[in-house]
Amino acid sequence: MYLSRFLSLHTLWVTVSSVMQHYPSVWGHYDVCKTQIYTEEGKVWDYMACQPEARDMIKYVKVTLDPPDITCGDPPETFCAMGNPYMCNNECDASTQELAHPPELMFDLEGRHPSTFWQSTTWKDYPKPLHVNITLSWNKTIELTDNIVITFESGRPDQMILEKSLDYGRTWQPYQYYATDCLDAFHMDPKSVRDLSQHTVLEIICTEEYSTGYMTNSKIIHFEIKDRFAFFAGPRLHNMASLYGQLDTTKKLRDFFTITDLRIRLLRPATGEIYVDEQHLARYFYAISDIRVYGRCKCNLHATGCKEENKRLLCECEHNTTGPDCGKCKKNYQGRPWSPGSYLPIPKGTANICIPSISSIGNPPKFDRIWPNISSLEVSKPNQANVCDNELLHCQNGGTCINNVRCQCPPAYTGILCEKLRCEREPGGCGRSAAPLRAAPGPGLRLLLLLPALLAARPARGC
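A short tour of the structure in this document, coming up. Small disclaimer: the values here were computed from a predicted structure and weren't measured.

### Comments concerning helix α3 (residues 226–233)
Among the residues of α3, R228, F229, F232 and A233 are the ones counted as buried. For α3, the angular spread of the buried residues around the axis is 130°, confining them to a single face. Residues of α3 that are buried in the fold lie against β8 (132–144), β11 (173–179), β13 (220–223), α4 (240–249) and α5 (251–256). G234, located one to two residues past α3, shows a positive phi value of around 90°.

Here you go:
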């Protein structure tokens, strides 16, 4: 027994360690949904909150552009360099693979030479605005875990808005504004994330720090996720318990880091000057070489896995939950209303598993079939379901419900709900002189009487 328990602990530690290597101090918790423990009843499941590992979500994204014909190359165009309007030797031709710049090149592997990128048409219709909407959709709720990073091949735009949706693109709200001049572009004072605090972390700001400069090392735009985490978890994100506590108790904070879609609104290309040179409009366009979005499938703390099925991400739900986000109980497991898992108490959280419905137990009750697999009903913790209450599970025969955890029975009765005569357990049975058993509970309820047996089970001390 000692050896098997040691091996189980070792396996768990290896699993946790491998997960923590990617985010060493950030996402080490909540990576196991359940584990077996030993109790007086034998091995049972111990449940805990759980969530999938963070990953590069760009692998699963669908991209759409508006207007749809904004990509260069049809017809072919010639582009000029930003710094030198007379150096116009860059060509875009959609019919030639080497010269084409389609949207999928925003998400391919970088490092090739020459670099690959999407590119828009030039600002040939100036002074009409050159507006482009790039929409990234996952058809799944995503929880962001790292900065959103956009790398421009040309100069970073003079004006841009990053927007998010929580309802699959039906409605949008701004995430952050970017401009060379925030006051002029959006009538907002410029700020950076460093100007925020715990109390203002949800504030939508306009920043100028990512909209100036046209050198090689000035191509990147960030939306800072980790800097916002740091307001709660500390500069190096060592105090994740504080962040988890905030996420667990503040829905607005949870929603802030949750998306189904992102939209990049490009409103004005990089000009590099105060005015637009109308004689050389081929200098002005948008080009993006890379977009990075790291996050995890939102599974309401009811899954550690997320799989792609029919080009759609789905949580691999546990805790008797189902749905793309594990957002409801399975059929016949509505013994109490569904609720998401909880990060609290640290570090395991609370699973809030779905429990069997009374109507699903069976008629007549099949004790011999259910009892060997009682752990499969997934009820083990005293705080995860009520043994008795005032609505469904009354204590029988005059018993008193104590803190919803157990029934205090009259001397003549025993059982989980005081449903049995004590004398039935004695040699010879109750005999004719014994008091008659009161009306038995309904057939569905009779089998449910077995479930609370696990609720009283606690991990054994030692072995």
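After that view, the rundown keeps rolling.
### Describing the pattern of salt bridges
Any two side chains of opposite charge can pair, on the condition that their charged atoms come close. For the coordinates displayed, the defined rule picks out 15 salt bridges. Close ionic contact of D146 with K226 constitutes a salt bridge, the shortest N to O distance being 3.8 Å. With D146 in the loop between β8 and β9 (148–152) and K226 in helix α3, this residue pair connects regions lying 80 residues apart in the sequence. For D146, a relative accessible area of 18% translates into the label buried.

### Things to note about the nonpolar core
Counting residues in each nonpolar core, the largest one holds 61 residues, and the members touching the most others are W118, I134, W138 and I291. Here this core gets six residues from one element, more than from any other, and that element is β8. Once residues within four sequence positions are removed from consideration, I134 is found in contact with V63, T64, L65, M106, W118, L262, R263, I264, L266 and I288.

### Regarding the packing of α3 against α4
Two numbers describe how α3 lies on α4: the axes approach to 7 Å, and their chain directions differ by 100°. If you check the angle between α3 and α4, you find them roughly perpendicular. Along its contact with α3, which presents F229, F232 and A233, the element α4 presents M240, S242, L243 and Q246. Among the residues making up the contact of α3 with α4, the classes are represented as five nonpolar, two polar and no charged.

### With respect to the side chain of T260
Looking at the secondary structure, you find T260 in strand β14 (residues 258–268). We classify T260 as buried; its relative accessible area is 0%. A distance of 2.7 Å separates the side chain of T260 from the side chain of D261, its partner in a polar contact. The residues contacting T260, other than those within four sequence positions of it, are L136, S137, W138, N139, K140, T141, S165, L166, D167, Y168 and G169.

### Description of the pairing of strand β17 (residues 306–309)
The sheet contact formed by β17 and strand β18 (residues 312–315) spans four bridges and is antiparallel. Looking across to β18, one finds that E308 is bridged to L313. The loop that links β17 with its antiparallel partner β18 comprises two residues; one of these, N310, has a positive phi angle of about 55°.

### Here we look at the environment of T151
Within the element layout of this structure, T151 appears in strand β9. In the structure, T151 is positioned 68 residues away from K219 in sequence and 5.5 Å away in space, judged by C-alpha atoms. The contact partners of T151, leaving out residues within four places of it in the chain, are K219, I220, I288, S289 and D290.

### Here we look at unusual backbone geometry
The step from D74 to P75 runs through a cis peptide bond, and the omega angle for that step is 5°. A cis geometry characterises the amide bond from I346 onward to P347, with omega recorded as 5°. In this fold, P347 is placed in the loop between β20 (328–329) and α6 (367–370). The phi dihedral of N310 is positive, around 55°, even though this residue is not glycine. Its identity is not glycine, yet N332 carries a phi of approximately 70°, on the positive side.

### What to know about the packing of aromatic side chains
Enumeration according to the criterion identifies 13 aromatic pairs in this entry. Look at Y30 and Y244: their rings are 4.9 Å apart centre to centre, the planes differ by 90°, and that puts the pair in the edge-to-face class. Residue Y30 is located in the loop between α1 (2–22) and β1 (34–39), and its partner Y244 is located in helix α4; the two are separated by 214 residues in the primary sequence. In this structure, Y30 and Y244 share a single accessibility class: buried. Members of the aromatic cluster, connected to one another through ring pairs, are Y175, F223, F229, F256 and F257. The aromatic ring of W45 is capped on one face by K34, whose charged end is 4.4 Å from the ring centroid. Across the ring face of W172, the terminal group of R263 is positioned such that the distance to the ring centre comes to 4.3 Å.

Cut-offs applied
- Residues numbered from 1 in each chain as written.
- Predicted model: local features only at pLDDT ≥ 70, side-chain atom pairs only at ≥ 80, totals over all residues.
- Heavy atoms only, no water.
- Buried < 20%, exposed > 50% of the residue type's maximum accessible area, 1.4 Å probe, protein only.
- Helix = DSSP H or I, 4+ residues; strand = E, 2+ residues; numbered from the N terminus.
- Arc of directions from axis to C-beta.
- Contact = heavy atoms within 4.5 Å.
- Salt bridge = Lys/Arg side-chain N within 4 Å of Asp/Glu carboxyl O.
- Core = buried A, V, L, I, M, F, W, Y, C linked by side-chain atoms within 4.5 Å.
- Axes fitted to C-alpha atoms, helices over the stretch in contact; angles between N-to-C directions.
- Parallel < 35°, antiparallel > 145°, perpendicular 65-115°, else oblique.
- Nonpolar A, V, L, I, M, F, W, Y, C, P; charged D, E, K, R; others polar.
- Polar contact = N/O pair within 3.5 Å; in protein donor to acceptor, adjacent residues only side chain to side chain.
- Pairing = 2+ DSSP bridges.
- Phe/Tyr/Trp six-rings, centres within 6.5 Å; stacked < 30°, edge-to-face > 60°.
- Lys NZ or Arg CZ within 6 Å of the ring centre and 35° of its normal.

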